[in-house]
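# What the coordinates show
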Amino acid sequence: MNAEPADQIRLLDVQDLDVRLQQLAHKRRSLPEHDEIESLNRDLTQLRDLLVAAQTEESDCAREQTKAEQDVDQVRQRAARDQKRLDSGAVSSPKDLENLQREIVSLAKRQGDLEDVVLEVMERRESAQERAAELTERVGSVQGRIDDAIARRDAAIEQIDGEVASATKEREVIAGSVPDALLGLYDKLRAQQGGVGAAKLYARTCQGCRQELAITEMNEIRSAAPDTVVRCENCRRILVRTSESGL
C-alpha cells in the first residue's frame, strides 16, 4: 500500500486522538464516585431494611399494647363491679362473701400481672421507636452522601463527555483527510492490536511494541519509497517514518 508521507503523519494524529478517546472512556468508567455510590447504596439498602424492621416492631408493639391495656381495663371494670357488690352489702351468704373476696384478690393479681405486661410492651415499643428514629436519621445522612456523590459523578461525566465530543470532532476532521484505504487498514489493525494501529518509528524502535528493529528490517525500510506504507515485522502495526526514526 502507498500513501503520501503527510497522510501517514496525519495517521499518527488520528492515533493520538484514538488513544485520548480510550483514556477518556476508561476515566469515565473508573470514576471513584461509581464505587462510592455503589457502596453507599448497599449501606442504604441495609439501613432501610433495619428501619422497616424497627417500624414493624413498633407497630406490632402498639397493637400488643392496645390489647394489653384493653385486658387491664376489663379486669379493672370487673374488679370494680365486684367491689361495689361487696361494699353494698347485697351479698349476705358467708360462702358467697368468701368467694367474692377471693375473686377480688385474684382480679387484683391479674390486673397487676397485666399492667406489668403493658409496661414491658411499652418499653419494647419505646426502644423500637428510638431505633426507628436513629435509623431514619442515618438513612437521611447516607442518602445525602449518595446525592452528593451523584452530583460529583455527573459533573465529572459532563466534563469528560465534553472532552470526548471535542476529541471526536477533531478526529473526524483529521481522519477525513486520510485516504480511505490507509484509514481502513489502520482501523483494522487498531481493532486487532489493542487500540493501536499505527506507531512512530523512533530511533530504530517501533513505538507500538517497543521492539528495536533488526538491521535487515531497518535496511528494507531505508530502501522503501517515501510513500510506501511499511509495517513492523514484530507487531504488524503501520510504522510511520519521521525525522526521528534513525534512518
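Report on the accompanying structure.

Moving on, we come to the overall build of the protein. Looking only at helices and strands, one finds five helices and four strands in the protein. Along its sequence from the N terminus, the protein presents helices and strands in the succession α-α-α-α-β-β-α-β-β. Radius of gyration (C-alpha) of the protein: 42 Å, far over the 18 Å computed for a compact globule of 247 residues. For the protein, the spread of C-alpha atoms along the three principal axes comes to 135 × 35 × 25 Å. Classification of the 247 residues of the protein by burial places 32% in the buried group. Taking as baseline every contact in the protein between residues at least 6 positions apart, the subset at least 24 positions apart corresponds to 76%. Counting every atom, the protein has about 15000 Å² of accessible surface; 49% of that belongs to carbon and sulfur. Charged side chains in the protein number 37 positive and 48 negative. The centres of these two groups are separated by 3 Å.

Its boundaries defined by the atoms lining it, the largest pocket holds a volume of some 180 Å³. Contributing to the lining of the largest pocket are L12, Q15, D16, V19, V196, A198, A199, K200, Q207, G208 and R210. Contributing elements (two or more residues each) for the lining of the largest pocket: α1 (5–29) and β1 (198–202). Take the lining of the largest pocket: its biggest share by element is four residues, from α1.

What follows covers the side chain of R171. Tracing the backbone through its elements, the reader meets R171 in helix α3 (residues 94–175). Judged by relative accessible area, R171 falls into the buried class, the value being 16%. Within the structure, the side chain of R171 is placed 2.4 Å from the side chain of D18, a separation counted as a polar contact.

Now for unusual backbone geometry. For A203, which is not glycine, the phi torsion reads 50° and is therefore positive. Secondary-structure assignment places A203 in the loop between β1 and β2 (205–206).

Between α1 and helix α4 (residues 180–192), the shortest axis-to-axis distance is 11 Å and the interhelical angle comes to 35°. Crossing angle aside, the handedness with which α1 passes α4 is right-handed. Each of D7, Q8, L11, V14, Q15 and D18 in α1 lies in contact with α4, whose residues at this interface are L182, L183, Y186 and R190. Residues of the contact of α1 with α4, tallied by class, amount to five nonpolar, two polar and three charged.

Taken as a whole, this structure holds 25 salt bridges when the rule is applied. For D71, the salt bridge identified is with K67, shortest N-O distance 3.0 Å. Taken together, the positions of D71 and K67, both in helix α2 (residues 32–88) and four residues apart, correspond to about one turn of that helix. Residue classification places D71 among the buried positions, given a relative accessible area of 19%. When the shortest N-O distance is used, the salt bridge between R152 and D148 registers 2.9 Å. With R152 and D148 both in helix α3 and four residues apart, this pair spans about one turn of that helix.

Sheet topology places β1 next to strand β4 (residues 238–241); four bridges connect them, and they run parallel. Each bridged residue has a counterpart across the sheet, and for K200 the counterpart in β4 is V240. Here two bridges tie β1 to β2, and the two strands are oriented antiparallel to one another. Bridge pairing links L201 to C206 in β2. The hairpin turn running from β1 into β2, its antiparallel successor, is two residues long, and A203 in that turn takes a positive phi close to 50°.

How each quantity is defined
Residues numbered from 1 in each chain as written. Predicted model: local features only at pLDDT ≥ 70, side-chain atom pairs only at ≥ 80, totals over all residues. Heavy atoms only, no water. Helix = DSSP H or I, 4+ residues; strand = E, 2+ residues; numbered from the N terminus. Rg over C-alpha atoms; globule rule 2.2 N^0.38 Å. Buried < 20%, exposed > 50% of the residue type's maximum accessible area, 1.4 Å probe, protein only. Contact = heavy atoms within 4.5 Å. Areas by Shrake-Rupley, 256 points an atom, 1.4 Å probe, with all protein chains shown as cover. Lys, Arg positive; Asp, Glu negative; His and termini not counted. Charge placed at Lys NZ, Arg CZ, Asp CG, Glu CD. 1 Å grid on protein atoms, 1.4 Å probe; cavity = no way out; pocket = protein on both sides within 12 Å on 5 of 7 lines; lining within 4 Å. Points joined across faces, edges and corners; volume = space filled by probe spheres on them. Polar contact = N/O pair within 3.5 Å; in protein donor to acceptor, adjacent residues only side chain to side chain. Axes fitted to C-alpha atoms, helices over the stretch in contact; angles between N-to-C directions. Left-handed = near helix turned anticlockwise from the far one by under 90°. Nonpolar A, V, L, I, M, F, W, Y, C, P; charged D, E, K, R; others polar. Salt bridge = Lys/Arg side-chain N within 4 Å of Asp/Glu carboxyl O. Pairing = 2+ DSSP bridges.

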